[in-house]
Amino acid sequence: MAITVETEHQNGAESVENRISVRSLWKVFGEDPDRAMSSEYTGKQKSEIQEELGCVVALKDVSFDVNEGETFVVMGLSGSGKSTLVRCLTRLIEPNAGEIYVDAEDVIKYNGRELTNFRRTKTAMVFQHFGLMPNRTILDNVSFGLEIQGIDKHTRWEKAREVIELVGLKGWEDNYATELSGGMQQRVGLARALAVDPEILLMDEPFSALDPLIRREMQDELINLQTTLKKTIVFITHDLDEALRLGTRIAIMKDGEIVQLGSKEEIVDNPADSYVEDFIRSISRTRVLGAGSIMQDASIVVDSSTGIDSLLKKLDETEEDHVFVTSSDNRLIGMVSEKDLSSDSLDKNSSLKELITNDPPILNRVYQDTPIDELVPLSAMSDCPVAVVDEEDTLLGIVTRGSLLLSLAESQQAQINDSSS
Ligand SMILES: Nc1ncnc2c1ncn2[C@@H]1O[C@H](COP(=O)(O)OP(=O)(O)OP(=O)(O)O)[C@@H](O)[C@H]1O
Ligand SMILES: [Mg+2]
C-alpha cells in the first residue's frame, strides 16, 4: 500500500505518493568513515578524501524519493555509486548514516527478522549476471524465492508457471539455465523476481550483459509488463538510451552524489552541469522532447453545430486551412479542411457533421509525451496539423508542419553546437 509523505523537494514542500524516501544517505568504504563524513571533508573531492584518508566515499549525502509505480532510473559512470545505492536500499550494504523509508518505515531500524522479511516479500532484485542456479530447472529457479518463504510446492509451482508465461518462456519450465541463451536467462531472472510479487523491483544493470537487439527486446518486455504490473522500480543503467526509454524520472550520479534528478525532458533540456551535458551530447532533443513542448493552440475550434457559412467566414479571417471540431467538453470529434468547405460540389445545406474527417492518415492524434521525431512521418502524410490529445481525447493543442520543422532545425543546430564545444 502506498502512503503519502510530506517531503522537502527541490521545489519546496509538496505531497507525493512515495514508496521510497532516502534521506542523507552515506556510505564510506574504509577505516575512518566518521572523519570522511565530517565537516572537515565536506568540500573535498572523492579522490582527495581517498588520497588523504584511504576511504572511498561511495555515497555522499544522497536524498531522493521514488514514487509509487514509477521507474526511477539511476545513471552514472562506472564507480559513481549506483550499485552501492541500490544495495543500501535493502541493506545488502550497510550505510554509515542516513535514513531509508519504505512505506514510511525506516529500513535502517529493522531488526534481523524484519529485514529478512522485507527482503523476501517486499522487494526483489535483478542483477546484471543473472545468478541462476545451474543445477536447478527454470521452474525451480523461478520458484526459489517462494520456496524460502516456506510456500508449498504446488502453490509455488503454480505461481512460477504463471510468471514464466508472463516473461514469454512457457515451455522451458523443465530446462536447465545453462540450456538457455543470455536473453532467456535474464527473462528467468526477471520471472524469479516477479514470482514473489514484490512491490518494489530493484534492477542493477539487468540488461547490460545482453547484445543490443536482445537488450531492446527486454526493455520492450519490461515496458510492456509495467503497463499492467505497475511496480515501483529502481533501475540502474550506464546507458542513456535505456534510461530515456524506461525512466519516469532519472537521477544522474557522479562521485557518490546525485548531480541532477528530473524527467528526461528536464535533463535533456536543462543539463545541470558539464558531466550531465556529456551524457546527453549524442542525444537528439527531438527524440526526447514530446509533442506537448512544441504544440500551439488550434486557432479555429468549433463545435459540430456550427453553420458552414459562419465557418467559411472564420476561415477567411485567418490564415488557417483546417478547422478542428470538438464536443462541448472539448473532446476532439474531427477536422474539416477549407478545401472541403469551399469545394464547388458542396451542398450549402449540408451540415458540418457530414464533412468531418476523423481518422488517420488525414487527422493524426498524438499525446503530449509522444517524441517529436515520431510526428515527422505523420506530418508528411497529411496537410492537417497533428492533434495533441490526452487519454480522454481532449484536444490540448496542435503541431503544425512549420513548428515541427523549426524544432527539428533547432535540435540539429544544438547538436552541432554541442559537438563543437
Ligand atoms: N566493497 C567495497 N570496498 C571498497 N570500495 C568499494 C566497494 N564497493 C564499491 N566500492 C567503491 O565505491 C564506489 C562506488 O562503487 P559502485 O559499485 O557503487 O559503482 P557503480 O556506479 O555501480 O559502478 P559500475 O557502473 O561500474 O557498476 C567506487 O569508487 C568503488 O570503487
Ligand atoms: Mg554497479
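Residues numbered from 1 in each chain as written. Chains lettered and ligands numbered in written order. Predicted model: local features only at pLDDT ≥ 70, side-chain atom pairs only at ≥ 80, totals over all residues.

### Quick look at the overall build of the protein chain
No. 1: Check the secondary structure of the protein chain and you find 18 helices and 17 strands.
No. 2: By principal-axis analysis of the C-alpha atoms, the protein chain measures approximately 85 × 60 × 40 Å. (Helix = DSSP H or I, 4+ residues; strand = E, 2+ residues; numbered from the N terminus.)

### Describing the domain arrangement of the protein chain
No. 1: In terms of domain boundaries, the protein chain breaks down into domain 1 (3–290) and domain 2 (292–407).
No. 2: When each unit is reduced to the centre of its C-alpha atoms, the spacing between domain 1 and domain 2 is 43 Å.
No. 3: Across the contact, six residues belong to domain 1 and nine residues belong to domain 2.
No. 4: Among the elements that take part in the side of domain 1 that touches domain 2, helix α13 (residues 285–288) stands out by supplying three residues, more than any other. (Domains from an automatic or database assignment. Contact = placed C-beta atoms within 7 Å.)

### Digging into the pairing of strand β14 (residues 332–337)
No. 1: Relative to β14, strand β13 (residues 322–326) runs antiparallel, the two sharing five bridges. In the strand pairing of β14, Phe-324 is matched with Met-335.
No. 2: Hairpin connection of β13 to β14: five residues between the antiparallel strands, including Asn-330 at a positive phi of 70°. (Pairing = 2+ DSSP bridges.)

### Looking at the sheet that holds strand β16 (residues 386–389)
No. 1: The three strands lie next to each other as β15-β16-β17, forming an open sheet whose pairing is mixed. The sheet is open, and its two borders are formed by β15 (365–366) and β17 (395–399), each paired with just one other strand.
No. 2: Here two bridges tie β15 to β16, and the two strands are oriented parallel to one another. Counted as the bridge partner of Arg-365 is Ala-387 from β16.

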